[in-house]
Amino acid sequence: MNEVGNIGILGGGSWATALAKIVLKSEPKINWLLRTSKQIDEIKKTGRNSKYLPGAEFDTSKIKFFSDSDINSFFRASDTVILAVPSPFIKQFLKRVRTSSTKSKLFINAIKGIVPDENLLVSDYLQDIMDVPMDMIGVVSGPCHAEEVAKERMSYLTVGCFDINKASIVASTLSNDFVRCAISKDVVGIEYASVLKNIYAIAAGICNGLSYGDNFQSVLISNAISEMNSFVNTVHLLGRDITESVYLGDLLVTAYSNYSRNRTFGNMIGKGYSVKAAQMEMAMIAEGYYGANCIRELNKRYQVNMPIMSTVYEILYEKAPAKEAILKLAQNFK
């Protein structure tokens, strides 16, 4: 494979919309699958996805739209498929895809979460459940908020593929005058880091809601990157530099930015919202909520010391009082 061919984007949220904008900077057309015909009609009419990312404007003549019911047609029409739906919904999409529709497709995972129930990385789900060959799977991640993509502010991505040549091809497609794109072979490490940084961003939000200051936040995040490094190197030992932007950079922007839905979710919890109330008010998915449960289950096997992840889990799932839990957590900090 020496080119990406027809690119399809699966998902209609802010990140999927940002990716559509990025791809259309270098490609003449894309396929785009959204959940409802109503959302498709709105974008066709206005050129914008007003609910999720109104700042991004599209020339809809360059987009072939597919609705949820057309998923197999979408796959048949696409050579490279970028998965960009929230992790809780990915199974309901993929389980309806016929094997014949996925043959010879390159899958790029842009989901910063784990497949629930199975507690599988998306790359593992594609291999184990859908029989996608390893060399046809990749991941894209990095410090790249959708809102800043809409404004064409300088952003950074990393494409990881088990086949590094494919990573280079995809990276060149995603690179433009406001997006710089690196490559990596660390698919598994990037996927786990993407999950963990959302959990740590919830912790940062909780501390902000509790009115902990910048001094405490800096110590929290320095301990978080150490915890991330320990977990990722335990589950997938590979020569990686955890300070690279796809690991540390993505953690920093997710933990500190007001664009971060995980930080926003945590901030509400710190201010006293229940989990349900915070979820209802946000009306968008905070991946770290699901990630905390998945990582906790996975870590029963690996037994990595993860006090920050465990504290977030206890607050979200066991209703531990946030202030008491954070004070206890702080005793572990270095």
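Below is a short write-up of the structure. On a predicted model such as this, the values are computed, not experimentally measured, just so you know. Position labels on residues start from 1 in each chain and follow its written sequence. Local features are withheld for residues below a pLDDT of 70 in this predicted model, meaning they are given only at 70 or higher, and side-chain atom pairs are given and counted only at 80 or more; totals for whole chains, interfaces and linings count all residues. Side-chain measures were taken over the full set of non-hydrogen atoms in the model, leaving aside hydrogen atoms and water.

**Regarding the overall build of the protein**
The number of helices and strands found in the protein is 16 helices and 10 strands. C-alpha atoms define the radius of gyration in this analysis, and the globule rule sets the expected value at 2.2 Å times the number of residues to the power 0.38. What you see for the protein is a C-alpha radius of gyration of 19 Å, in line with the 20 Å of a compact globule of 334 residues. By its C-alpha atoms, the protein is 55 × 40 × 35 Å across when sized along the principal axes. Taken over 334 residues, the protein has a buried fraction of 57%. Here, residues are in contact when the closest pair of their heavy atoms is within 4.5 Å. Excluding contacts between residues fewer than 6 apart, the proportion of contacts in the protein whose partners are at least 24 apart in sequence is 70%. Shrake-Rupley sampling with a 1.4 Å probe provides the accessible areas, and residues are treated as covered by the protein chains on show and by no other component. Here the protein has roughly 14200 Å² of accessible surface; of this, 47% comes from carbon and sulfur atoms. In the protein, which carries 37 positive and 33 negative side-chain charges, the distance between the mean positions of the two groups comes to 4 Å. A run of DSSP states H or I qualifies as a helix once it reaches four residues; a run of E qualifies as a strand once it reaches two. Both are numbered from the N-terminal end. Three exposure classes are used, based on accessible area relative to the maximum for each residue type with a 1.4 Å probe and protein chains only: buried under 20%, partly exposed in between, and exposed over 50%. None of His or the chain ends enter the tally, which takes Lys and Arg as positive and Asp and Glu as negative. In this description, the location of a charge corresponds to atom NZ of lysine, CZ of arginine, CG of aspartate or CD of glutamate.

**Comments concerning the packing of aromatic side chains**
Pairing of aromatic rings covers Phe, Tyr and the six-membered ring of Trp, with a centre-to-centre limit of 6.5 Å; geometry is then stacked below 30 degrees between planes, edge-to-face above 60, and tilted otherwise. Tallying each qualifying case throughout the model produces 13 aromatic pairs. Between the aromatic rings of Phe66 and Phe74, the centroid separation amounts to 5.7 Å while the plane-to-plane angle is 70°, which identifies the pairing as edge-to-face. A centroid spacing of 5.4 Å and a plane angle of 85° characterise the contact between Tyr192 and Phe231, whose relative ring orientation is edge-to-face. One end of the pair, Tyr192, is in helix H9 (residues 187-209); the other, Phe231, is in helix H10 (residues 214-235), and 39 residues separate them in sequence. The same class applies to Tyr192 as to Phe231, namely buried. Put simply, the rings of Phe265, Tyr289, Tyr290, Tyr313 and Tyr317 pair up and form one aromatic cluster. Remark: a charge is flagged as sitting over a ring if the NZ atom of Lys or the CZ atom of Arg is within 6 Å of the ring centre and within 35 degrees of the ring normal. The ring of Trp15 has Lys112 lying over it, and the distance from NZ or CZ to the ring centre is 5.5 Å.

**Quick look at the pattern of salt bridges**
Salt bridge, as used here: a side-chain nitrogen of Lys or Arg that lies within 4 Å of a carboxyl oxygen of Asp or Glu. Under the criterion given, the structure shown has 14 salt bridges. We note a salt bridge from Lys112 to Asp250, for which the minimum N-O separation is 3.2 Å. Separated by 138 residues along the polypeptide, Lys112 in the loop between strand S7 (106-109) and helix H6 (122-128) and Asp250 in helix H11 (residues 245-256) bring together distant segments of the chain. Notably, a salt bridge pairs Asp250 with Lys197, separated by 3.8 Å at the nearest N-O pair. With a gap of 53 residues between them, Asp250 in helix H11 and Lys197 in helix H9 connect regions that are remote in the sequence. A relative accessible area of 2% places Asp250 in the buried class. Judged by relative accessible area, which is 5%, Lys197 ranks as buried.

**Points about the sheet that holds strand S10 (residues 179-184)**
Pairing between two strands is assigned when DSSP locates at least 2 bridges connecting them. Strand order across the open sheet formed by 8 strands is S5-S2-S1-S6-S7-S8-S9-S10, with mixed pairing between neighbours. Whereas interior strands pair on both sides, the edge strands pair on one side only; in this sheet they are strand S5 (63-66) and S10. Mean inter-strand twist for the sheet, computed between neighbouring axes without regard to direction, equals 20°. With 6 bridges joining them, strand S9 (residues 155-161) and S10 adopt parallel strand pairing. Looking at the pairing, Tyr156 lines up with Arg180 of S10. To define axes, lines are fitted to C-alpha atoms, for helices over the stretch in contact only, and angles between the resulting N-to-C directions are given on a 0 to 180 degree scale. Contacts between helix H1 (residues 14-24) and the sheet are confined to strand S1 (7-10), strand S2 (30-33), S5, strand S6 (80-83), S9 and S10, with S2 contributing the most and set at about 170° to the helix. Set on the sheet, helix H8 (residues 164-174) makes contact with S1, S7, strand S8 (137-141), S9 and S10; between it and S10 the angle comes to about 175°.

**Brief notes about the packing of H9 against helix H15 (residues 307-317)**
Running from amino to carboxyl end, H9 crosses H15 at an angle of 65°, the nearest separation of the two axes being 9 Å. In this view, H9 runs roughly perpendicular relative to H15, as classed from their interaxial angle. In terms of crossing hand, the pair formed by H9 and H15 is left-handed. On H15, the residues touching Ile199, Tyr200, Ile202, Ala203 and Ile206 of H9 are Ile308, Met309, Val312, Ile315 and Leu316. Any residue that is not Ala, Val, Leu, Ile, Met, Phe, Trp, Tyr, Cys, Pro, Asp, Glu, Lys or Arg is counted as polar, Gly included; the first ten are nonpolar and the last four charged. For the contact of H9 with H15, the residue count by class is 10 nonpolar, no polar and no charged. Any angle that falls under 35 degrees is termed roughly parallel, while one over 145 is termed roughly antiparallel, one within 65 to 115 roughly perpendicular, and all others oblique. Crossing handedness: left-handed means the near helix sits turned counterclockwise from the far one by under a right angle, and right-handed means the same turn made clockwise.

**Side note on helix H12 (residues 261-270)**
The buried fraction of H12 is high, at 8 of 10 residues. For H12, the full list of buried residues reads Asn262, Arg263, Phe265, Gly266, Asn267, Met268, Ile269 and Gly270. Tucked into the core, H12 has its buried residues touching H9, H10, H11, helix H13 (275-282), helix H14 (287-302) and H15. Positive backbone phi, at 110°, marks Gly272, one or two positions downstream of H12.

**What about the packing of H12 against H13?**
Contact geometry for H12 and H13: axes closest at 9 Å, N-to-C directions at 135°. Taken together, H12 and H13 sit at an angle that is classed as oblique. Viewed along their axes, H12 and H13 form a crossing whose handedness is right-handed. Along the contact surface, H12 presents Arg261, Phe265, Met268 and Ile269, while H13 presents Val275, Ala278, Gln279, Glu281 and Met282. Its residues assigned to classes, the contact of H12 with H13 shows 6 nonpolar, 1 polar and 2 charged.

**A closer look at the nonpolar core**
Nonpolar cores were defined as sets of buried Ala, Val, Leu, Ile, Met, Phe, Trp, Tyr and Cys residues, with membership established by side-chain atoms within 4.5 Å. Grouped together as the largest cluster of nonpolar side chains are 66 residues, with contacts concentrated most on Trp32 and Leu83. The residues contacting Leu83, other than those within four sequence positions of it, are Leu10, Ile90, Leu94, Phe107, Ile108, Asn109, Ala110, Ile111, Val122 and Leu126. Listed in part, the 56 residues of the second largest apolar core include Ile206, Val235, Val304 and Met309.

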